[in-house]
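Remarks on the overall topology
Letter by letter, the chains look like this.
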Amino acid sequence: MENYRRSSHTVYDLKYHLVWITKYRKPVLTGEIGVRLRELVREICKAKDVEIHKGHISRDHIHIFVSVPPHISVSDLVKSIKGKTSRKLLMEFKTLSRQFWGRHLWARGYFAASSGNVTDEVIMKYIEQQGHEPPDADFKIEGNDL
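A brief report on the enclosed structure follows.

Conventions adopted
- Residues numbered from 1 in each chain as written.
- Predicted model: local features only at pLDDT ≥ 70, side-chain atom pairs only at ≥ 80, totals over all residues.
- Heavy atoms only, no water.
- Helix = DSSP H or I, 4+ residues; strand = E, 2+ residues; numbered from the N terminus.
- Expected span 1.5 Å × (residues − 1).
- Buried < 20%, exposed > 50% of the residue type's maximum accessible area, 1.4 Å probe, protein only.
- Arc of directions from axis to C-beta.
- Contact = heavy atoms within 4.5 Å.
- Phe/Tyr/Trp six-rings, centres within 6.5 Å; stacked < 30°, edge-to-face > 60°.
- Lys NZ or Arg CZ within 6 Å of the ring centre and 35° of its normal.
- Salt bridge = Lys/Arg side-chain N within 4 Å of Asp/Glu carboxyl O.
- Pairing = 2+ DSSP bridges.
- Axes fitted to C-alpha atoms, helices over the stretch in contact; angles between N-to-C directions.

Regarding helix H2 (residues 74-92)
Across its 19 residues, H2 extends 27 Å between first and last C-alpha, which sits within 8% of the 27 Å expected from 1.5 Å per residue. All buried positions along H2 are accounted for by Val74, Leu77, Val78, Ser80, Ile81, Lys82, Thr85, Ser86, Leu89 and Leu90.

Here we look at helix H4 (residues 120-128)
All of the buried residues along H4 are Asp120, Ile123 and Ile127. Seen along its axis, H4 keeps its buried residues to an arc of 70°; they face one direction. Exposed side chains of H4 directed beyond 90 degrees from the buried face belong to Glu121 and Lys125. Among the structural elements, strand S3 (15-21), strand S4 (51-57), strand S5 (61-67) and strand S7 (139-141) are those in contact with the buried residues of H4.

Let's talk about the packing of aromatic side chains
On inspection of all chains with the given rule, the structure shows one aromatic pair. Here the aromatic rings of Trp20 and Trp106 are separated by 5.9 Å at their centres, their planes lie at 85°, and the arrangement is edge-to-face. Note that Trp20 is positioned in strand S3 and Trp106 in the loop between helix H3 (94-99) and strand S6 (111-114), a separation of 86 residues in sequence. When sorted by exposure, Trp20 lands in the same class as Trp106, which is buried. In this structure, Lys23 is placed above the aromatic ring of Tyr24, and the distance from its NZ or CZ to the ring centre is 5.6 Å. The lysine or arginine in question, Lys26, covers the ring of Phe100, its NZ or CZ lying 5.4 Å from the ring centre.

Remarks on the pattern of salt bridges
What the rule picks out here adds up to nine salt bridges. Salt-bridge contacts for Lys54 lead to Glu128; the nearest nitrogen and oxygen are separated by 2.9 Å. Here Glu128 lies in helix H4 and Lys54 lies in strand S4, a separation of 74 residues in the sequence. Owing to a relative accessible area of 13%, Lys54 belongs among the buried residues under this scheme. Residue Glu128 is classed as partly exposed on the basis of its relative accessible area of 29%.

Examining the sheet that holds S6
With mixed pairing, the five strands of this open sheet are ordered in space as S6-S3-S5-S4-S7. Looking at strand neighbours, the two that pair on one side only are S6 and S7, the edges of this open sheet. On average, adjacent strands in this sheet sit at an angle of 15° to one another, irrespective of strand direction. Pairing geometry for S3 and S6, over four bridges, is antiparallel. What sits directly across from Leu18, in S6, is Ala112.

Put into structure tokens, the structure is as follows:
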């Protein structure tokens, strides 16, 4: 019962492992861009009452393991995160807007799996092993010195 989250009329434990890639798998999610992306994902998730358990930003893709309230569908969450991060990153970093000229930072699809297929610990260990840098509040950026 301690792992369950509560809202006014529900008790739930819905966790998803989400992965999506940059368009053309371009390795651009490093340095300041990676740091800003992490901030944006955290802001969006906090606004939607989505709890991030683990996260990892690689050069060309992002993994997050999240607990989502039952009123938010996985597709709506991913659509919101991908849309808002793409718009803000392309506005803030002109180097990105030159590389992704169609105003699309992310590729079309995404991967989603509920934690029921494997245990939460297996997913978190998998995400933890994605890179070798020290974690920043369980949300790492690969190849980043900041």
